Amino acid sequence: MKRLTLKDIAKALNLSAPTISKALSDSYEINKETKEKIIAYAHEHNYQYNALARSLKTGKTNIIGVIVSTISNSFFSQILEGIEESSLFQKYNIIIMQSRESPAVEKKCIDILYSKGVDGILISPVSDSANLSYLQQLHNSNCPIVIFDRINNNLQTFKIGIDNKKAAQKATQELIDRNYSNILHITGLANGV
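Scoring rules and cut-offs
- Residues numbered from 1 in each chain as written.
- Predicted model: local features only at pLDDT ≥ 70, side-chain atom pairs only at ≥ 80, totals over all residues.
- Heavy atoms only, no water.
- Salt bridge = Lys/Arg side-chain N within 4 Å of Asp/Glu carboxyl O.
- Buried < 20%, exposed > 50% of the residue type's maximum accessible area, 1.4 Å probe, protein only.
- Helix = DSSP H or I, 4+ residues; strand = E, 2+ residues; numbered from the N terminus.
- Axes fitted to C-alpha atoms, helices over the stretch in contact; angles between N-to-C directions.
- Parallel < 35°, antiparallel > 145°, perpendicular 65-115°, else oblique.
- Left-handed = near helix turned anticlockwise from the far one by under 90°.
- Contact = heavy atoms within 4.5 Å.
- Nonpolar A, V, L, I, M, F, W, Y, C, P; charged D, E, K, R; others polar.
- Pairing = 2+ DSSP bridges.
- Right-handed = clockwise from strand over helix to strand, strands pointing away.

Draft legend 1. The pattern of salt bridges, seen in detail. Following the criterion strictly, the structure yields five salt bridges and no others. One salt bridge connects lysine 35 with aspartate 26, and the closest N-O pair in it is separated by 2.9 Å. The exposure class of lysine 35 is buried, given its relative accessible area of 13%. Using a relative accessible area of 56% as the deciding quantity, one classes aspartate 26 as exposed. A salt bridge links arginine 150 to glutamate 101; the shortest N-O distance between them is 2.9 Å. Highlighted residues: arginine 150 in the loop between strand 4 (145-148) and strand 5 (158-160) and glutamate 101 in the loop between strand 2 (93-98) and helix 6 (103-115), separated in sequence by 49 residues. Arginine 150 sits in the partly exposed class, given a relative accessible area of 22%. Classification of glutamate 101 as partly exposed rests on a relative accessible area of 32%.

Next comes the structure, spelled out in structure tokens:
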């Protein structure tokens, strides 16, 4: 079954394609009766707008790329849940990719997302130096890059993270201030080592 286009609707209703487009975008330029007629026809025939055509016209895809080391890591699965929830609210779609802690795989993920025309990339890099110059180049060429978890302060882009050492010291000091003396710190091992 052929996908219904704006031109198909225009032909069926004896209107122009720009009129159909404006009506479906709820433009003030189209009168109420014409809008209702067009919208009813579009719904009746299961019209779906062409995201590719819209992105060519607007220069935006409304897609955000996200790269994490592995989805099975509970830290990243929680982060991804938050990203997805926020992106749906903002009417963005996300593409999730896994670097598997490999700089080469990470580079390939970045290349794929960039070639898809994503509006930005959120990434937890495999290290604080892998693909650094490439990420900076993309950010400078109008593809916003947001680094989270593993931060390199030399990268001039957006960063989200905490200073684990400082946070542990602050928490320890709080326990000491509350007169605790037997303090144990348990942490996960980096990279399964």
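Draft legend 2. How the structure looks around the packing of helix 1 (residues 6-13) against helix 3 (residues 32-44). Close contact between helix 1 and helix 3 brings their axes to 11 Å; oriented N to C, the two are set at 120°. Taken together, the axis directions place helix 1 and helix 3 in an arrangement best described as oblique. When the axes of helix 1 and helix 3 are compared, the crossing they make is right-handed. On helix 3, the residues that touch Ile9, Ala12 and Leu13 of helix 1 are Lys37, Ile38, Tyr41 and Ala42. When the residues that make up the contact of helix 1 with helix 3 are grouped by side-chain class, the tally is six nonpolar, no polar and one charged.

Draft legend 3. The sheet that holds strand 4, seen in detail. The parallel open sheet is built from five strands, whose spatial order is 2-1-3-4-5. Edge positions in the sheet fall to strand 2 and strand 5, since each has one partner strand and no second. For this sheet the average axis-to-axis angle between neighbouring strands, irrespective of direction, equals 20°. The pairing of strand 4 with strand 5 spans three bridges and is classified as parallel. Counterpart to valine 146 in the pairing with strand 5 is phenylalanine 158.

Draft legend 4. Region of the structure containing the pairing of strand 1 (residues 63-68). Counting buried residues along strand 1, five of its six residues qualify, which places the element largely inside the surrounding structure. Judged from the six bridges that link them, strand 1 and strand 2 form a sheet pairing that is parallel. In the sheet register, glycine 65 faces strand 2, and the bridge partner there is isoleucine 95. Note that the unit made of strand 1, helix 5 (residues 74-89) and strand 2 has a crossover that is right-handed. Inspection of the sheet shows strand 1 paired to strand 3 (residues 120-123) by four bridges, in the parallel sense. By the bridge assignment for strand 3, isoleucine 64 is matched with glycine 120.

Draft legend 5. Quick peek at unusual backbone geometry. For asparagine 62, which is not glycine, the phi dihedral falls at a positive 60°. By the element assignment, asparagine 62 lies in the loop between helix 4 (51-58) and strand 1. On the accessibility criterion, asparagine 62 (27% relative accessible area) is partly exposed. Although it is not a glycine, aspartate 149 adopts a positive phi angle of roughly 75°. For aspartate 149, the location among the structural elements is in the loop between strand 4 and strand 5.

This is a description of form; function is not addressed.
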